[in-house]
Amino acid sequence: MLLNRPCLPLLAMLLGAALGAQAQLSSPVPSGPYGSGAGVHSPNSPFPQLKERTDVLAWSLLTTVKTKVEKNRVRPVFPPAIQALDQKTQRVQGFMMPLDPGEKQTHFLLSSVPLTCSFCVPGGPESMIEVKSKTPVKYGMEPVVVEGHFSVLHDDSYGMYYRMTDAVPVK
């Protein structure tokens, strides 16, 4: 079973408690803050990677955002190509991460990679978009495509970098 980086501290804590000692993990974890990066689609995942589409925003562009520390906060620094997307209608493809229980969702996260653990986020904020849809979107493990009003967020209180409102599902 492959774990993404945010799962490792939880795993260390659980192993330490189970063994009655402090567990030390010696895995090749890249440096950097947990929950950052574009996310990794495990080769062992039962879900296929996103198919290349020319009619959707590319995650390879959205994940080029850099960060800077300002007044003890990590803030995004968006390149001009991403800033140009702000306040325009965009179409995005990704994996749904529901925020509420239920078969249909009107508020969810869209991720560049599928979930591998129900307690872990698959990547950093650059690999997720908060989506608020006009109509409910059916939850599934297959990728979905939504279109809506896209916002680039410079100082979101939840730490999100992107938000889509008035979204509708697209085939």
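What counts as what
- Residues numbered from 1 in each chain as written.
- Predicted model: local features only at pLDDT ≥ 70, side-chain atom pairs only at ≥ 80, totals over all residues.
- Heavy atoms only, no water.
- Helix = DSSP H or I, 4+ residues; strand = E, 2+ residues; numbered from the N terminus.
- Buried < 20%, exposed > 50% of the residue type's maximum accessible area, 1.4 Å probe, protein only.
- Contact = heavy atoms within 4.5 Å.
- Areas by Shrake-Rupley, 256 points an atom, 1.4 Å probe, with all protein chains shown as cover.
- Polar contact = N/O pair within 3.5 Å; in protein donor to acceptor, adjacent residues only side chain to side chain.
- Phe/Tyr/Trp six-rings, centres within 6.5 Å; stacked < 30°, edge-to-face > 60°.
- Core = buried A, V, L, I, M, F, W, Y, C linked by side-chain atoms within 4.5 Å.

Draft legend 1. Quick peek at the overall build of the protein. When you go through the protein residue by residue, the secondary structure sums to three helices and seven strands. In sequence order, the protein lays out its α and β elements as α-α-β-β-α-β-β-β-β-β. Taken across its 171 residues, the protein has 39% of its residues classed as buried. In the protein, the share of contacts with a sequence separation of at least 24, taken over all contacts with a separation of at least 6, comes to 64%. Carbon and sulfur atoms make up 57% of the accessible area of the protein, which totals about 10,300 Å².

Draft legend 2. Here's a closer look at unusual backbone geometry. For Lys71, which is not glycine, the phi torsion reads 55° and is therefore positive. Its place among the elements puts Lys71 in the loop between strand S1 (66–70) and strand S2 (73–77). For Asn72, which is not glycine, the phi torsion reads 60° and is therefore positive. Mapped onto the fold, Asn72 is located in the loop between S1 and S2.

Draft legend 3. Spotlight on the side chain of Arg163. Within the secondary structure, Arg163 sits in strand S7 (residues 162–170). In terms of polar contacts, Arg163 uses its side chain to reach the side chain of Asp156, at 2.8 Å. In this structure, Arg163 is in contact with Ile129, Glu130, His149, Phe150, Ser151, Leu153 and Asp156, ignoring residues within four places of it in sequence.

Draft legend 4. View of the packing of aromatic side chains. With the rule as written, the count across this model stands at four aromatic pairs. Aromatic pair Phe78 and Tyr161: ring centres 6.0 Å apart, planes at 85°, arrangement edge-to-face. With Phe78 in the loop between S2 and helix H3 (80–83) and Tyr161 in the loop between strand S6 (144–152) and S7, this pair connects stretches of sequence that are 83 residues apart. Residue Phe78 is classed as buried on the basis of its relative accessible area, which comes to 5%. Judged by its relative accessible area of 7%, Tyr161 falls in the buried class. Judged by centre distance (5.8 Å) and plane angle (55°), the rings of Phe78 and Tyr162 are tilted. Remark: Tyr162 occurs in strand S7 and Phe78 occurs in the loop between S2 and H3; sequence separation between them is 84 residues. The exposure classification of Phe78 matches that of Tyr162, with both residues buried.

Draft legend 5. Region of the structure containing the nonpolar core. In terms of nonpolar packing, the biggest core is built from 24 residues, with Leu62, Leu110, Ile129, Val131, Phe150, Tyr162 and Met164 touching the most fellow members. Taken together, the elements giving at least two residues each to this core come down to helix H2 (59–62), strand S3 (88–98), strand S4 (104–111), strand S5 (128–138), S6 and S7. Tallying contributions element by element places S6 first for this core, with four residues. Core analysis: the second largest hydrophobic core is formed by five residues, Met97, Leu109, Met128 and Met160 among them.

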